[in-house]
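# Descriptive structure summary
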Amino acid sequence: MGISLSWVAVEALSADDALSRLSLARTAKSCAYPCKGVAGHALPKNWFLFAAGRCDHRIVSAASMSALSKGCRAIACAIEEHVNFASTELWQDGARIWHVQHQGDEDSENISFEGKVPQRFHELLATVEPDDSENLNGHFHMDIPLILAKELAGFRHDDSNPELDATPFEELADLQAKNSWWKPRK
């Protein structure tokens, strides 16, 4: 079936400041990755990770990323494996810098981008494996957003990472009001 996940990582911002900007709170509970709700974990090189168990979780929304990235850099990644969807975007100082997306349910070689993408994007695109390749050492179109995210923040959802695997994620509480789909907002 595949994983459905949203994650954001923020650089050079304290975990507590990031929690506040995303309207999340600590619970003093730990959880295993991947999580069903929202969880956090420190990453190397002064990055902090937030992961949520849905591809379309609000932490990757434009409003959340704009708030989170004020005065720093933040990366958002959304993955829906069962339809071969992956997207990554870089935000800085409240504005989106670039966005890369693969939507494999439309076309297995589909890739779209906006903004000033890094040169690495073009290098990856030029060396991508064809959809029917059996070369498991190469990369495919869906990998491109995920590789770009990992190269910035040091995290990829499907990679083994001894530093992360050795410590549990911290379960977080979502402080934003939730409405039932049938109940209008006041």
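This text follows the structure it describes.
This structure is a prediction, so every number in the text was calculated from the model and none was measured.

### Digging into the sheet that holds strand E8 (residues 112–115)
The 9 strands are arranged E2-E9-E3-E4-E1-E5-E6-E7-E8 in an open sheet whose pairing can be described as antiparallel. Because the sheet does not close on itself, it has two edges, and the strands there are strand E2 (24–31) and E8. Strand-to-strand, the axes of this sheet are offset by a mean angle of 20 degrees, without reference to chain direction. By the bridge criterion, 4 bridges tie strand E7 (residues 95–103) to E8 in an arrangement that is antiparallel. Bridge pairing in E8 links Val100 to Phe113.

### Let's talk about the side chain of His57
With respect to the helices and strands, His57 occurs in the loop between strand E4 (47–52) and helix H2 (62–68). Using a relative accessible area of 9% as the deciding quantity, one classes His57 as buried. Apart from residues lying up to four places away in sequence, His57 is in contact with Ser6, Val38, Ala52 and Asp174.

### Thoughts on the environment of Gln119
By secondary structure assignment, the location of Gln119 is in helix H3 (residues 119–126). Spatially, the C-alpha atoms of Gln119 and Pro145 are 13 Å apart, while their sequence positions differ by 26 residues.

### A word on the pattern of salt bridges
For the coordinates displayed, the defined rule picks out 12 salt bridges. Where Glu89 meets Arg96, a salt bridge forms, and the shortest distance between an N and an O atom there is 3.2 Å. In this structure Glu89 comes out as buried when scored by relative accessible area, which is 10%. Take Arg96: its relative accessible area is 35%, and that puts it in the partly exposed class. Notably, a salt bridge pairs Arg120 with Glu151, separated by 3.0 Å at the nearest N-O pair. Of this pair, Arg120 sits in helix H3 while Glu151 is found in helix H4 (residues 143–153), placing the two residues 31 residues apart along the sequence.

What counts, and at which threshold
- Residues numbered from 1 in each chain as written.
- Predicted model: local features only at pLDDT ≥ 70, side-chain atom pairs only at ≥ 80, totals over all residues.
- Heavy atoms only, no water.
- Pairing = 2+ DSSP bridges.
- Helix = DSSP H or I, 4+ residues; strand = E, 2+ residues; numbered from the N terminus.
- Axes fitted to C-alpha atoms, helices over the stretch in contact; angles between N-to-C directions.
- Buried < 20%, exposed > 50% of the residue type's maximum accessible area, 1.4 Å probe, protein only.
- Contact = heavy atoms within 4.5 Å.
- Salt bridge = Lys/Arg side-chain N within 4 Å of Asp/Glu carboxyl O.

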